[in-house]
Amino acid sequence: MWTKLICEFLGTMMLILLGDGVVANVTLDKSGMKGGGPVQITIAWGLAVLVPAFIFGAGSGAHFNPAVTIAMWIMGNTPGSDVIPYIIAQFFGAFIGACLVYILYKGQFDATEDPGTKLGVFSTGPSVPNVFLNLLSEIVGTFVLVFAILGIGNVAGCASGVEKLLVFGIIVSIGMSLGGLTGYAINPARDFGPRCAHAVLPIKGKGSSNFAYGWIPIVGPIIGGAIAALLFKVIPW
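A few points on the structure. (Residues numbered from 1 in each chain as written. Predicted model: local features only at pLDDT ≥ 70, side-chain atom pairs only at ≥ 80, totals over all residues. Heavy atoms only, no water.)

## Looking at the overall build of the protein
Part 1 of the argument: Scanning the protein for helices and strands turns up 11 helices and zero strands.
Part 2 of the argument: Helices and strands in the protein line up, N terminus first, as α-α-α-α-α-α-α-α-α-α-α.
Part 3 of the argument: Against the compact-globule benchmark of 18 Å for 237 residues, the protein has a radius of gyration of 17 Å, which places it among compact chains.
Part 4 of the argument: Taken along the three principal axes of its C-alpha coordinates, the protein extends 55 × 40 × 30 Å.
Part 5 of the argument: Here the protein, with 237 residues, has 50% of them falling under the buried criterion.
Part 6 of the argument: Pairs at least 24 apart in sequence give 77% of the contacts found in the protein among residues at least 6 apart.
Part 7 of the argument: Within the structure as shown, the protein displays about 10400 Å² of accessible surface, and the carbon and sulfur contribution to it stands at 73%.
Part 8 of the argument: One way to put it: in the protein the 11 positive side-chain charges average out to a point 3 Å from where the 10 negative ones average out. (Helix = DSSP H or I, 4+ residues; strand = E, 2+ residues; numbered from the N terminus. Rg over C-alpha atoms; globule rule 2.2 N^0.38 Å. Buried < 20%, exposed > 50% of the residue type's maximum accessible area, 1.4 Å probe, protein only. Contact = heavy atoms within 4.5 Å. Areas by Shrake-Rupley, 256 points an atom, 1.4 Å probe, with all protein chains shown as cover. Lys, Arg positive; Asp, Glu negative; His and termini not counted. Charge placed at Lys NZ, Arg CZ, Asp CG, Glu CD.)

Take a look at the structure:
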């Protein structure tokens, strides 16, 4: 059990280090890649999932996402006793990963005046605030993520390791198509852990952590992942 939890912690930490790291890299002032844009961010987030998945997949299944863990429990692929420990490890890993991003980019954070840009490194937010549509965006995005991950199992002759590349494609596809709506958290740990880090870290001129919105990237992905798992189970493949 401890091996699985360590893998989930380290994998989620790496996910956020690389994912939040690319956002810092292309949005913060005085960063060498400032202005890289949403395409760089979207591809890098896909890679941020891919790299730890290859490293830790054999150890824990490479969930790195409470919505995925809950969906796998619904599918019967993850024991119920693993669900809460996995989620705790994921949230803690995400928090530490975000703290590392702040430490590495402290000079760039200090040089950036806009509080929204700083918060955007850590957590997601809607381009057009609308509770129902923002929640629906996270539900639909996570539904696609989980349903597609489960569908990989139906690919005949898929060699071991190739499924990780397919997950990279899924993440990039969701980001390219739906990312402009809410920042496509599609992962409660990915948003809440870094949002908590933003709240407690001594970031110069950081402003609000916007916890009023923070429930949407928690509840939406859990609903979307659960619907995907339940639908996948009833389809007579």
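## Some words on the layout of surface pockets
Part 1 of the argument: Its volume calculated, the largest pocket comes out at about 600 Å³.
Part 2 of the argument: Lining the largest pocket we find 29 residues, and of these Gly 61, Ala 62, Val 68, Ile 149 and Val 167 sit closest to its centre.
Part 3 of the argument: Residue composition of the lining of the largest pocket, by class: 18 nonpolar, eight polar and three charged.
Part 4 of the argument: When contributions to the lining of the second largest pocket are tallied by element, the ones reaching two or more residues are helix H1 (2-27), helix H2 (37-60), helix H6 (115-122) and helix H8 (162-182).
Part 5 of the argument: Considering every element that reaches the lining of the second largest pocket, the biggest residue donor is H8, with six residues.
Part 6 of the argument: Its residues assigned to classes, the lining of the second largest pocket comprises 10 nonpolar, 14 polar and two charged. (1 Å grid on protein atoms, 1.4 Å probe; cavity = no way out; pocket = protein on both sides within 12 Å on 5 of 7 lines; lining within 4 Å. Points joined across faces, edges and corners; volume = space filled by probe spheres on them. Nonpolar A, V, L, I, M, F, W, Y, C, P; charged D, E, K, R; others polar.)

## Considerations on the nonpolar core
Part 1 of the argument: If you look at the biggest cluster of nonpolar residues, it comprises 38 residues, and the most contacted ones within it are Leu 15, Val 22, Trp 45, Phe 109, Val 121, Phe 122 and Leu 201.
Part 2 of the argument: Not counting chain neighbours up to four residues away, the residues in contact with Leu 201 comprise Cys 99, Tyr 102, Phe 122 and Lys 206.
Part 3 of the argument: Counting 13 residues, the second-largest nonpolar core is a separate cluster that includes Ile 70, Ile 74, Val 83 and Ala 226. (Core = buried A, V, L, I, M, F, W, Y, C linked by side-chain atoms within 4.5 Å.)

## Re the packing of aromatic side chains
Part 1 of the argument: Tallying each qualifying case throughout the model produces nine aromatic pairs.
Part 2 of the argument: Ring centres of Phe 91 and Phe 192 lie 5.7 Å apart, and the angle between their planes is 85 degrees; this geometry places the pair in the edge-to-face category. In this pair, Phe 91 is assigned in helix H4 (residues 80-104) and Phe 192 in helix H9 (residues 188-200), connecting sequence segments 101 residues apart.
Part 3 of the argument: The partly exposed category is assigned to Phe 192, whose relative accessible area is 30%.
Part 4 of the argument: Among the aromatic residues, those joined into a ring-pair cluster are Phe 143, Phe 147, Phe 232 and Trp 237. (Phe/Tyr/Trp six-rings, centres within 6.5 Å; stacked < 30°, edge-to-face > 60°.)

## Quick notes on helix H11 (residues 216-234)
Part 1 of the argument: With 19 residues, H11 should cover 27 Å at 1.5 Å per step; its first-to-last C-alpha distance of 27 Å lies within 8% of that length.
Part 2 of the argument: For H11, every residue scored as buried is listed here: Ile 216, Pro 217, Gly 220, Pro 221, Gly 224, Gly 225, Ala 226, Ala 228, Ala 229 and Phe 232.
Part 3 of the argument: As for H11, its buried residues are in contact with helix H3 (66-75), helix H7 (131-152), H9 and helix H10 (211-214). (Expected span 1.5 Å × (residues − 1).)

## A word on the side chain of Glu 8
Part 1 of the argument: When you line up the elements, Glu 8 lands in helix H1.
Part 2 of the argument: At a separation of 2.6 Å, a polar atom in the side chain of Glu 8 contacts the side chain of Ser 60.
Part 3 of the argument: There is a polar contact of 2.8 Å between the side chain of Glu 8 and the backbone nitrogen of Phe 64.
Part 4 of the argument: With residues near it in sequence (within four places) discarded, Glu 8 still touches Ser 60, Ala 62, His 63, Phe 64, Tyr 86, Ala 89 and Gln 90. (Polar contact = N/O pair within 3.5 Å; in protein donor to acceptor, adjacent residues only side chain to side chain.)

Interpretation in functional terms is not warranted from these geometric data alone.
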